[in-house]
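In case you want the letters, here they are:
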Amino acid sequence: MRHCFVHSCAWMVDRGQYVIMVTKCAINGFGHIGRLVFKYAWEDPTLEIGHGNNVCSCESAAYLAQFDSVHGTWGKTIECSKDGKGFTVDGKTVSFLSESDFTKVDWKGMGIEVVMECTGRFLKVKTLSPYLDNCGVKQVVVLAPVKEEGALNIVIGCNHQRLKEKTHRVITNASCTTNWQRHHLLALVNVKGALDVHLHVRVVLFQFHTNMTCPLCNHNKKEERILSAQSKTRHP
């Protein structure tokens, strides 16, 4: 995912001999995918996650970020603030809102440069453009393919060289199926080559199967059904 970001400088962190350019980011959509992105980005020294937004409560978001029925318990200490406006991860504060309309979030005022759009609701350039035109965000990274002109769908190892800061402001990491197929097809080419040499196999049939994904409605309801949301998390 880090290849999908153009790391413009929000501020500089001195780490010994190196100066790391840090981009301040936020996540809109704190469902299962949003939380996985949050935890991955948290470990990236070039990214700072400053804000999260989802229609669930801050308490639910914090709890589900730490305890995942598929990926296990995150080895961080997460505590929700008393006012419900944020939570801390190992003492570092992340602000949180439960706003259904992302245009009402003051992204610019919080210094957010990149928003990771993880709701799955906004898959058109037209519906994503308010981030750029009205909210002061420099780039939007969508965690689903946007299949139209004006968005760049990146598959790492295939076309990530096309990513340019000034040209591409709506970018995606394509779909899970696309990324899985890329890795499987590369492996299949190597296997087919070996079979051809040793067993004279000329044709290989390759089928890709994926499990059914259940709707994640329980992540997005106001009712506090944490255990239900946790148990209905999608498997990778």
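Because the structure is a prediction, the values reported are computed rather than measured.

Cut-off values and rules
Residues numbered from 1 in each chain as written. Predicted model: local features only at pLDDT ≥ 70, side-chain atom pairs only at ≥ 80, totals over all residues. Heavy atoms only, no water. Helix = DSSP H or I, 4+ residues; strand = E, 2+ residues; numbered from the N terminus. Salt bridge = Lys/Arg side-chain N within 4 Å of Asp/Glu carboxyl O. Buried < 20%, exposed > 50% of the residue type's maximum accessible area, 1.4 Å probe, protein only. Contact = heavy atoms within 4.5 Å. pLDDT = per-residue confidence, 0-100. Phe/Tyr/Trp six-rings, centres within 6.5 Å; stacked < 30°, edge-to-face > 60°. Lys NZ or Arg CZ within 6 Å of the ring centre and 35° of its normal. Core = buried A, V, L, I, M, F, W, Y, C linked by side-chain atoms within 4.5 Å.

### Quick word on the environment of asparagine 28
- Among the secondary structure elements, asparagine 28 is positioned in strand S2 (residues 18–28).
- Between the C-alpha atoms of asparagine 28 and valine 115, which are 87 residues apart in sequence, the distance is 6.9 Å.

### What to know about the pattern of salt bridges
- Applying the stated criterion across every chain yields a total of four salt bridges.
- A salt bridge links glutamate 43 to lysine 76; the nearest nitrogen and oxygen atoms lie 3.4 Å apart. In this pair, glutamate 43 sits in the loop between helix H1 (32–42) and strand S3 (47–53) while lysine 76 sits in the loop between strand S5 (72–73) and strand S6 (78–80), placing the two residues 33 residues apart along the sequence.
- Overall, glutamate 43 belongs to the partly exposed group, its relative accessible area being 47%.
- The salt bridge partner of glutamate 48 is lysine 92, with a shortest N-O separation of 3.7 Å. In this pair, glutamate 48 is assigned in strand S3 and lysine 92 in strand S8 (residues 92–97), connecting sequence segments 44 residues apart.
- The exposure class assigned to glutamate 48 is buried, which follows from its relative accessible area of 17%.
- Residues participating in the shared-partner salt-bridge network are Glu43, Lys76 and Asp90.

### Examining the environment of alanine 144
- Note on placement: alanine 144 falls in the loop between strand S10 (139–142) and strand S11 (152–153).
- When its relative accessible area of 15% is taken as the criterion, alanine 144 is described as buried.
- Spatially, the C-alpha atom of alanine 144 lies 9.1 Å from that of threonine 119, the residues being 25 residues apart in sequence.
- With residues near it in sequence (within four places) discarded, alanine 144 still touches Leu123, Thr172 and Ala174.

### Here we look at helix H2 (residues 58–66)
- Burial analysis of H2 places seven of its nine residues in the buried class, which makes it a mostly covered element.
- By the burial criterion, the buried members of H2 are Cys58, Ser60, Ala61, Ala62, Leu64, Ala65 and Gln66.

### A look at the confidence of the model for the chain
- Mean pLDDT for the chain: 79, with 67% of residues reaching 70 or above.
- When mean pLDDT is taken per element in the chain, strand S7 (residues 86–89) scores highest with 97 and strand S1 (residues 11–15) scores lowest with 47.
- Note on residues 2–13: pLDDT is under 50 here. Beyond four places in sequence and across chains, it has 50 contacts.
- Counting interchain partners and residues more than four positions distant, the pLDDT-below-50 stretch residues 215–224 has 21 contacts.

### Describing the packing of aromatic side chains
- Here the structure, examined in full by the defined rule, presents eleven aromatic pairs.
- When the centroid spacing of 5.4 Å and the interplanar angle of 65 degrees are considered together, the rings of phenylalanine 30 and phenylalanine 38 count as edge-to-face. Taken as a pair, phenylalanine 30 and phenylalanine 38 share a single burial class, namely buried.
- Through pairs of rings, three or more aromatic residues link up here, namely Phe30, Phe38, Trp42, Trp74, Phe87 and Phe96.
- The ring of tryptophan 42 has lysine 92 lying over it, and the distance from NZ or CZ to the ring centre is 5.7 Å.

### Structural notes on unusual backbone geometry
- Positive phi values are uncommon outside glycine, yet aspartate 90 reaches one of about 50 degrees.
- Here aspartate 90 lies in the loop between S7 and S8.
- Residue aspartate 90 is classed as partly exposed on the basis of its relative accessible area of 47%.

### Examining the nonpolar core
- Counting residues in each nonpolar core, the largest one holds 28 residues, and the members touching the most others are Phe30, Phe38, Phe87 and Met116.
- Look past the residues within four positions of phenylalanine 30 in its chain and what remains in contact with it is Arg35, Phe38, Asn53, Asn54, Ala61, Ala65, Phe87 and Phe96.
- One finds Phe102, Val115, Val146 and Ala151 within the second-largest nonpolar core, a separate group that totals 17 residues.

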